[in-house]
Amino acid sequence: MFSKVTEDIYYVGVNDHQIDLFEGQYVVPNGMAYNSYVVMDEKIAVFDTVDAHFTDEWLANMAEVLGDRTPDYLIVQHMEPDHSANIANFAAKYPEAKIVANAMTFNMMKQFFGTDFADRKVMVKDGESLSTGKHTFTFVFAPMVHWPEVMVTYDSTDKVLFSADGFGKFGALDVEEEWACEARRYYIGIVGKYGAMVQKLLAKAAALDIQIICPLHGPVLTENLGYYLDLYNTWSSYGVESEGTVIAYTSVYGHTKAAVELLAQKLTEEGCPKVVVNDLARCDMAEAVEDAFRYGKLVLATTTYNADIFPFMRNFLAEITERGYQNRKVAFVENGTWAPTAAKVMKAAFDKSANITFADTTVTIKSAMNEANKEQIAALAKEMK
């Protein structure tokens, strides 16, 4: 099936409910959408292809829109296989169509397909434009958002930004759900490391009159664009989106968990606007990472394990720090029966992180909470509320 975006622009993407893990790691209970667009004009342009599992459906969607016409251009904005897998199939079906991309994209095509389609390629540079008649498309390079070859495209006629993976989200389009939650998890998990590059792209976008955003995942955005742009600005500048405190913990025999439960209670009593608790051994790790970036304060609670820290905590710290975690207040609760060192190890994980403020109170539990620990937890709650 297809749908209209504007008078000339058609959505011809597909929904994937077969997938269990996106990119082999992200749980997607509501599936994924792989978006593709056709712009009908004097010359016809197709924006990006779809995942390899949906070749026939995608080609059928295009055929419904095209009727007895054939495409003149395939514009390739991003070479990740969920968007590029059908380039060769498109080229075979429409042998007269030109392929429009930048130099790095054509290099990647050769790596994926063994050819860069030299006899039909149209290589574009940053800021160059292509006219299809009524529509003029300007190509804006967006390196490392989130691959180095990425470009986005602005249609000055319909004031549409084809945003590649920008403004995308998890979830198929035939399922209704809140945009922000799955867009945040998608952004932080996949793009989050490259906030500085997203900031550069947002600066370029600010100079354009954008009325519609057409991403490669998730719904076409047509209303209240300031809401989405503001969220992207917050996420990519590592700002605090919501006031509150996240507690991320692991517990072996329940003693660290008991301390966390007491801390959560004390935070609520102190008037903390939001308390989020994640058991890292049992929760969706991507959602725990999302929470760490959403809120301004983070408490890490874990046991000493093999003279280090519990594996789920180690993984969590790697996930947030490799994505540029910064501008936050962090506190520690450690447990250890004979040689507690978890707080020291956790603190060292932030050595390369910018603008991290550590709480004055560190709670050290030896096996099980005692009265002194309870007083420490009460003091920590006052500090992290």
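Just so it is clear, the structure is predicted and the values come from calculations on it, not from any experiment.

Draft legend 1. Representation of the UniProt feature "domain: Flavodoxin-like" (unreviewed entry) in the protein. Taking the UniProt record as the reference, the feature "domain: Flavodoxin-like" (unreviewed entry) is found at residues 245-385. In the segment residues 245-385, helix accounts for 40% and strand for 29%; the C-alpha atoms at its two ends are 7 Å apart.

Draft legend 2. Just the environment of Ile213, in detail. Structurally, the position occupied by Ile213 is in strand E16 (residues 212-214). Classification of Ile213 by relative accessible area gives buried; the value is 1%. Distance in space between the C-alpha atoms of Ile213 and Asn35 is 12 Å, their sequence separation being 178 residues. Apart from residues no more than four positions distant in its own chain, Ile213 is found in contact with Leu161, Ser163, Phe167, Val220, Leu221 and Leu225.

Draft legend 3. Quick look at the sheet that holds strand E14 (residues 151-155). One open sheet holds the five strands; their spatial order is E12-E13-E14-E15-E16, and the pairing between them is mixed. Sheet topology places strand E12 (129-131) and E16 at the edges, where each strand pairs with a single neighbour. On average, each strand axis in the sheet is inclined to that of its neighbour by 20 degrees, with strand direction left out of account. Examined bridge by bridge, E12 and strand E13 (residues 136-141) share three bridges and lie antiparallel to one another. The residue bridging Ser131 from the neighbouring strand is Thr136, located in E13.

Draft legend 4. Quick peek at helix H4 (residues 103-113). If you check which residues of H4 are buried, you get Thr105, Phe106, Met108 and Met109. Projected onto a plane normal to the axis of H4, the buried residues spread over an arc of 160 degrees and lie on a single side. Those residues of H4 that are exposed and angled more than 90 degrees off the buried face are Asn107 and Gln111. Of the surrounding elements, those touching the buried residues of H4 are helix H3 (87-93), strand E10 (98-101) and strand E11 (121-123). Sitting at the head of H4, Asn102 places a side-chain oxygen 3.2 Å from the backbone nitrogen of Met104.

Draft legend 5. Quick peek at the pairing of strand E18 (residues 275-279). Bridge count for strand E17 (residues 242-249) against E18 is five bridges, and the pairing is parallel. Opposite Thr245, over in E18, you have Val275 as the bridge partner. In this fold, E17 hands off to helix H8 (residues 255-269), which returns the chain to E18; that crossover is right-handed.

Draft legend 6. Quick peek at the sheet that holds strand E9 (residues 73-75). Read across the sheet, seven strands follow the order E1-E2-E7-E8-E9-E10-E11 without closing on themselves; strand pairing throughout is mixed. Both outer strands of the open sheet, strand E1 (3-4) and E11, are each paired with one neighbouring strand and no more. As defined by bridge partners, strand E7 (residues 37-39) adjoins strand E8 (residues 45-47) across three bridges and the pair is classed as antiparallel. Within E8, the residue paired with Val38 across the bridge is Val46. Packed onto the sheet, H4 meets E10 and E11 and runs at close to 120 degrees relative to E10.

Draft legend 7. Layout of the packing of H8 against helix H12 (residues 371-384). Between H8 and H12, the shortest axis-to-axis distance is 9 Å and the interhelical angle comes to 45 degrees. With respect to H12, the element H8 is oriented oblique. In the packing of H8 onto H12, the handedness of the crossing is right-handed. Where H8 approaches H12, its residues Ala259, Leu262, Leu263, Lys266 and Leu267 are matched on the opposing element by Lys374, Ile377, Leu380, Ala381 and Met384. When grouped by side-chain class, the residues that make up the contact of H8 with H12 number eight nonpolar, no polar and two charged.

Draft legend 8. Molecular detail of helix H10 (residues 311-321). Met313, Phe316, Leu317 and Ile320 are the residues of H10 that are buried. Projected down its long axis, H10 shows its buried positions confined to an angular sector of 100 degrees, all on one face. Packed against the buried residues of H10 are E17, helix H9 (285-294), strand E19 (295-305), strand E20 (308-309) and helix H11 (342-348).

Draft legend 9. Quick peek at the nonpolar core. In terms of nonpolar packing, the biggest core is built from 92 residues, with Phe22, Met62, Leu300, Phe316 and Ile320 touching the most fellow members. With eight residues, helix H5 (residues 179-191) is the largest single contributor of residues to this core.

What counts, and at which threshold
Residues numbered from 1 in each chain as written. Predicted model: local features only at pLDDT ≥ 70, side-chain atom pairs only at ≥ 80, totals over all residues. Heavy atoms only, no water. UniProt positions renumbered as here; feature names shortened; annotations may be inferred. Helix = DSSP H or I, 4+ residues; strand = E, 2+ residues; numbered from the N terminus. Buried < 20%, exposed > 50% of the residue type's maximum accessible area, 1.4 Å probe, protein only. Contact = heavy atoms within 4.5 Å. Pairing = 2+ DSSP bridges. Axes fitted to C-alpha atoms, helices over the stretch in contact; angles between N-to-C directions. Arc of directions from axis to C-beta. Polar contact = N/O pair within 3.5 Å; in protein donor to acceptor, adjacent residues only side chain to side chain. Right-handed = clockwise from strand over helix to strand, strands pointing away. Parallel < 35°, antiparallel > 145°, perpendicular 65-115°, else oblique. Left-handed = near helix turned anticlockwise from the far one by under 90°. Nonpolar A, V, L, I, M, F, W, Y, C, P; charged D, E, K, R; others polar. Core = buried A, V, L, I, M, F, W, Y, C linked by side-chain atoms within 4.5 Å.

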